[in-house]
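Structural overview for review
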Amino acid sequence: MESVPRVFVPEVLAYNSNVIISKWVDGIPLRSIPSWDDRLKDAQALMRDAYCQSMYVDAFFHADGHGGNLLWVEKKNDDDGRSNSSTRASSGELCILDCGLMVDIEPSAAEGLLRLSLHLASRDWTRVVDDVIALGFLPENLSPNLKAEARGIARRIIGPYLDVGGGAKAASAYSISSLFDDISSATLKLPTALPPDMILLARAVIQLEGLALRAYPDYRLVDDILPVAARIALRAAPASDADNNSDDARASLLFDLLYEDSRDIFGEENILFSPERLLQLLGTARGSGGDGGRASG
C-alpha cells in the first residue's frame, strides 16, 4: 500500500497479540468531515486507490475501515511545521489507523476479485458466475441449469444496485416481493458458501461505501473502481517463479472484457471485438458518481 501516493500507516512502536501501539498522528477522522467538504471527496479517492492496491495487488485488506479509523492529515509547511489554513484539499494525506484486523487472501483470490470487479462493471453475468465459482461462493461442479439460475439471480439482485448505486436509491430500485423471491431462490436452490475472509471483505466494503455516499449521493462503487482496476490489470506484475503467468492472466482478463465468442453461419467459433462492451465500460467509468479514477493508481 505504500506505493499509493498520499496514503500512509503510522509507524508501529510496539505490539503484541492484544494491542498495537503506533506513533501519534494529528488528523481529522473522516466521520467528522462534513459531506460538502472537498476534503471528504479527496479522501474517498485516496481510500479507493489504497483498497484497490491492497486487495488486488498486495493480497490483503483492512477489514475495519470505518470513519474513525481513517484520518485526513493536513500537510505541514516546510518552514515552520505549522499547517497552512489556505492549503488545498489535494495537498492532504489519508492516514489509516488500527491495523489489528487485517485479512490476508490468496494471490489467486486477489486475481479473482479483480476479475469479478471488472466483469461486474461490464455486466457480464456469465463470467460473474464463473468468478463467483472460482472464489468459492459456489461449487465447481455446478450444473448448467443451476449456472443459468445463478446468472438470472445475479442479474436481478446485483444489476439494479450497479445501475443506481447504494443507499436509498438502491432500495427504490427493487420490487420487495421480487427481491425476496430471488434471495429465497439463491438460498434454497443454489449451494452457496461464504468464506470467512469474504464476509470480512463485505463488511469493509459496506463501511467504505457508506463514507463514499456521504461525499457523493449518487456514488456507484463498482463503477468508481473500474478505472483503477483496469490500470492494475494493465500494469505488469513483478516477475517471480511462483507467479510467472500473472501478466498473461491480466492480459487475458482485458481481452475477455472487450472480445466475445460468436459463431458464423457455418457453426465455426470466432472471437470478435465487441464495440458494445467497450461502450458499456466507457459509460460505466464516466458515470460512477465518484471522481472517475483521477487519483494515481
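See the structure shown above.
An account of the accompanying structure is given in this report. Treat the numbers as computed from the prediction; the structure is a model and nothing was measured.

**Some details on the sheet that holds strand β4 (residues 28-29)**
Spatially, β1-β7-β6-β4 is the arrangement adopted by the four strands of the open sheet, whose pairing is mixed. Edge positions in the sheet fall to β1 (7-8) and β4, since each of these pairs with one other strand and no more. When β4 meets strand β6 (residues 70-73), the two strands line up antiparallel, connected through two bridges. In the strand pairing of β6, proline 29 is matched with leucine 71.

**Regarding the environment of methionine 55**
Structurally, the position occupied by methionine 55 is in helix α1 (residues 38-57). Between the C-alpha atoms of methionine 55 and leucine 114, which are 59 residues apart in sequence, the distance is 8.4 Å. Other than its neighbours up to four places away in sequence, methionine 55 contacts Phe60, Ile105, Ala110, Leu113 and Leu201.

**A few points about helix α8 (residues 221-234)**
End to end, α8 covers 20 Å across 14 residues, agreeing with the expected 20 Å (1.5 Å per residue, within 8%). Taken as a whole, α8 carries its principal kink of about 40° at proline 227. Of all 14 residues in α8, 11 are buried, a share of seventy percent or more. Taken together, the buried positions of α8 are Leu221, Val222, Asp223, Asp224, Ile225, Leu226, Pro227, Val228, Ala229, Ile232 and Ala233.

**Considerations on the layout of surface pockets**
Its boundaries defined by the atoms lining it, the largest pocket holds a volume of some 1600 Å³. What lines the largest pocket is a set of 44 residues, and nearest its centre among them are Leu116, Leu120, Phe137, Ile158 and Ala202. Of all the secondary structure elements, the ones that give two or more residues to the lining of the largest pocket are α1, α2 (107-121), α3 (125-134), α4 (144-164), α6 (176-189), α7 (196-215) and α8. Partitioning the lining of the largest pocket into residue classes produces 39 nonpolar, three polar and two charged.

**Considerations on the packing of α2 against α8**
Two elements in contact, α2 and α8, have axes whose closest approach is 9 Å; the angle formed by their N-to-C orientations is 130°. With respect to each other, α2 and α8 are oriented oblique. By crossing handedness, the relation of α2 to α8 is classed as left-handed. Contact residues: α2 offers Leu114, Ser117, Leu118, Leu120 and Ala121, while α8 offers Val222, Ile225, Leu226, Ala229, Ala230, Ile232 and Ala233. Among the residues forming the contact of α2 with α8, the class breakdown is 11 nonpolar, one polar and no charged.

**Details of α7**
Between the first and last C-alpha of α7 there are 30 Å, a value that for 20 residues agrees with the 28 Å anticipated at 1.5 Å per step. Buried residues of α7: Met198, Leu201, Ala204, Gln207, Leu208, Glu209, Leu211, Ala212, Leu213 and Ala215, and no others. Those residues of α7 that are buried are in contact with α1, β5 (60-62), β6, α2, α4 and α8.

About the criteria used
- Residues numbered from 1 in each chain as written.
- Predicted model: local features only at pLDDT ≥ 70, side-chain atom pairs only at ≥ 80, totals over all residues.
- Heavy atoms only, no water.
- Pairing = 2+ DSSP bridges.
- Helix = DSSP H or I, 4+ residues; strand = E, 2+ residues; numbered from the N terminus.
- Contact = heavy atoms within 4.5 Å.
- Expected span 1.5 Å × (residues − 1).
- Bend = angle between axes of the 7 residues up to and from the residue.
- Buried < 20%, exposed > 50% of the residue type's maximum accessible area, 1.4 Å probe, protein only.
- 1 Å grid on protein atoms, 1.4 Å probe; cavity = no way out; pocket = protein on both sides within 12 Å on 5 of 7 lines; lining within 4 Å.
- Points joined across faces, edges and corners; volume = space filled by probe spheres on them.
- Nonpolar A, V, L, I, M, F, W, Y, C, P; charged D, E, K, R; others polar.
- Axes fitted to C-alpha atoms, helices over the stretch in contact; angles between N-to-C directions.
- Parallel < 35°, antiparallel > 145°, perpendicular 65-115°, else oblique.
- Left-handed = near helix turned anticlockwise from the far one by under 90°.

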